[in-house]
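# Observations on chain architecture
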Amino acid sequence: MNRTPLSVLMATLLAGAMLSGCSQPQPEAVDTTAAASGTTPSGTAPSETAPSESSADAFRFNIGALEAVALKDGDLEAPNDGTTFAIGQPVEQVAALLAAAGEPTDVLHLGIQPLLVHAGDRVLLFDTGAGDVEWARGGRLPASLRAAGVAPSQVTDIFISHRHADHVGGLLARDGALAFPNATVHLTTTEWAGMQADADAAALVAAIAPKVAAFEPGAELVPGTVTAVVDNGHTPGHSAYLITSGDDRLLYIGDTAHHFVVSVQRPEWTVDYDMDAPLAQTRRRELLQRAADDGTRVYAVHFPFPGLGRFETQGESFVWVPER
């Protein structure tokens, strides 16, 4: 989502800096060294069979026959001051939308929740959260994985929606090592080329390069299970992912829509995070319309946890209907 330079991300990852300067309570510190080794803080390996119960950081659900878990990484905020969301629109109009939804009117709250899916002998992770980037209260993904009964070493495939730090921040542990040493990293050829051309991303690129499997937009990535969906605009290579099991489908939308009220009810409003705002607005409306028309179940990484629900048409616009 955020355009913060990846040099900032790498500095915080490699230095192991703790989050600071936030007015709200910080998330519990996570021992990423233990997480990367596949052990719990007590030194025991987590169960390879996921427990059946959900928790505050790991919400379990099914996509047909597939077992899935929403994993809480953290959250972030954007002020309602016209600098980030609804650029060029009166702040009062944004406040009215937020108030009608029972939300604070001075700030927009965004979740950060990667998605885990068990698909046969493969363990799929969609995005990796913010890690230790200082502008987000992230870094809970390793603990959420433990709550889900999964060790980082068990993850076989990572599907990156795009290269912004709140989606790739968890790719590396605090010591700069791969957080998921056995996982193939999937992202579009366009997005990978953009990362490689970004000097600020050099350290991250070097670390993940041996694991990257770049794909053409719209490719089928796991036959019968995961298909990339062309959804650029937010970034040039941004991709959504359609996850299928039998007749059941779930659409992982990445950063097509950031806020469950403003982005959904006013998809044409300009968002500072979108690199090509006009295209992003077009893609956003297209995705919302298609999902609403088809009744497609949606996973929204930045909506209120666990980010699971559907879009419904409401007049000339849409509304988010959460499952929980």
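Residues numbered from 1 in each chain as written. Predicted model: local features only at pLDDT ≥ 70, side-chain atom pairs only at ≥ 80, totals over all residues. Heavy atoms only, no water.

## Remarks on the overall build of the protein
Across its full length, the protein carries nine helices and 18 strands. Among the 324 residues that make up the protein, the fraction classed as buried is 54%. Once local pairs closer than 6 in sequence are excluded, the contacts in the protein between residues at least 24 apart make up 70%. Of the roughly 12500 Å² of accessible surface on the protein, a fraction of 51% belongs to carbon and sulfur atoms. (Helix = DSSP H or I, 4+ residues; strand = E, 2+ residues; numbered from the N terminus. Buried < 20%, exposed > 50% of the residue type's maximum accessible area, 1.4 Å probe, protein only. Contact = heavy atoms within 4.5 Å. Areas by Shrake-Rupley, 256 points an atom, 1.4 Å probe, with all protein chains shown as cover.)

## Notes on the pattern of salt bridges
Inspection of every chain in the model, using the stated rule, returns 11 salt bridges. Taking the shortest distance from any N to any O, the salt bridge between Asp274 and Arg284 comes out at 3.3 Å. Taken together, the positions of Asp274 in the loop between β15 (270-271) and α9 (277-294) and Arg284 in helix α9 put the pair 10 residues apart, joining distant regions of the chain. The class of Arg284 is buried, set by a relative accessible area of 2%. Residues Arg283 and Glu286 are paired through a salt bridge, measuring 3.5 Å at the closest nitrogen-oxygen approach. Of this pair, Arg283 and Glu286 both sit in helix α9, separated by three residues, roughly a single helical turn. We classify Glu286 as partly exposed; its relative accessible area is 37%. Within this structure, Asp75, Glu77 and Arg137 form a network of salt bridges that share partners. (Salt bridge = Lys/Arg side-chain N within 4 Å of Asp/Glu carboxyl O.)

## Regarding the packing of aromatic side chains
For the coordinates displayed, the defined rule picks out 12 aromatic pairs. Here Phe126 and Phe159 contribute two aromatic rings whose centre-to-centre distance is 4.9 Å and whose plane-to-plane angle is 20 degrees, an arrangement assigned as stacked. One end of the pair, Phe126, is in strand β7 (residues 122-126); the other, Phe159, is in strand β8 (residues 157-159), and 33 residues separate them in sequence. Like Phe159, Phe126 is buried. Here the aromatic rings of Phe126 and Tyr252 are separated by 5.6 Å at their centres, their planes lie at 35 degrees, and the arrangement is tilted. Remark: Tyr252 occurs in strand β14 (residues 248-252) and Phe126 occurs in strand β7; sequence separation between them is 126 residues. Tyr252 matches Phe126 in its accessibility class, with the two residues each being buried. Grouped by ring-pair contacts, the aromatic residues Phe59, Phe61, Phe126, Phe159, Phe215, Tyr241, Tyr252 and Tyr299 constitute a single cluster. (Phe/Tyr/Trp six-rings, centres within 6.5 Å; stacked < 30°, edge-to-face > 60°.)

## Section: the sheet that holds β8
Across the sheet, which stays open at both edges, the seven strands sit in the order β1-β2-β6-β7-β8-β9-β10 with mixed pairing between neighbours. Both edges of this open sheet fall to β1 (58-63) and β10 (212-215), since each of them pairs with a single strand only. Shown here is a sheet whose adjacent strand axes are inclined to one another by a mean of 25 degrees, direction ignored. Where strand β9 (residues 184-188) and β10 come together, four bridges link them in parallel fashion. Paired with His186 across the two strands is Ala213, which belongs to β10. (Pairing = 2+ DSSP bridges. Axes fitted to C-alpha atoms, helices over the stretch in contact; angles between N-to-C directions.)

## Structural notes on the nonpolar core
Counting residues in hydrophobic clusters, the biggest one holds 36 residues, and the most contacted among them are Phe85, Ile253, Phe303, Phe311 and Trp320. For this core, the secondary-structure elements that each account for two or more residues are β3 (74-79), β4 (85-87), α3 (91-100), β5 (107-112), α8 (262-265), α9 and β18 (317-322). If one sorts the elements of this core by residue count, α9 sits on top with four residues. When residues no more than four places from it in sequence are discounted, the contact partners of Trp320 are Phe260, Val264, Val298, Phe303, Gly307, Leu308, Gly309, Arg310 and Phe311. (Core = buried A, V, L, I, M, F, W, Y, C linked by side-chain atoms within 4.5 Å.)

## Describing unusual backbone geometry
Cis peptide bonds are those with omega within 30 degrees of zero, and the linkage from Phe305 to Pro306 qualifies with 10 degrees. Mapped onto the elements of the fold, Pro306 is located in the loop between β16 (297-299) and β17 (308-314). Phi at Ala86 is positive, roughly 55 degrees, even though this residue is not glycine. With respect to the helices and strands, the residue Ala86 is situated in strand β4. Exposure remark for Ala86: the relative accessible area of 1% places this residue in the buried category. Backbone geometry places Asp127, a non-glycine residue, at a positive phi of 65 degrees. With respect to the secondary-structure elements, Asp127 resides in the loop between β7 and α4 (141-147). On the basis of relative accessible area, Asp127 is assigned to the buried category, the value being 0%.

## Focus: the side chain of Asp255
Among the structural elements, Asp255 can be located in the loop between β14 and α8. Although Asp255 lies buried, it forms no salt bridge, and the closest oppositely charged side chain, Arg284, sits 9.2 Å away as judged by the N-O distance. Engagement of the side chain of Asp255 in a polar contact is seen with the side chain of His302, the distance being 2.9 Å. (Lys, Arg positive; Asp, Glu negative; His and termini not counted. Polar contact = N/O pair within 3.5 Å; in protein donor to acceptor, adjacent residues only side chain to side chain.)

## Digging into the sheet that holds strand β12 (residues 226-230)
Taken in spatial order, the seven strands of this open sheet run β11-β12-β13-β14-β16-β17-β18, and their pairing is mixed. Among the strands making up the open sheet, the edge pair consists of β11 (220-222) and β18. Each strand axis lies, on average, 35 degrees off the axis of its neighbour in the sheet, ignoring direction. Of the strand pairs in this sheet, β11 and β12 are connected by two bridges, and their pairing is antiparallel. Across the sheet, residue Val222 finds its bridge partner in β12, namely Val226. This element, α9, spans β12, β14, β16, β17 and β18 of the sheet and lies at about 95 degrees to β17.

Function cannot be inferred from these measures alone, as they are strictly geometric.
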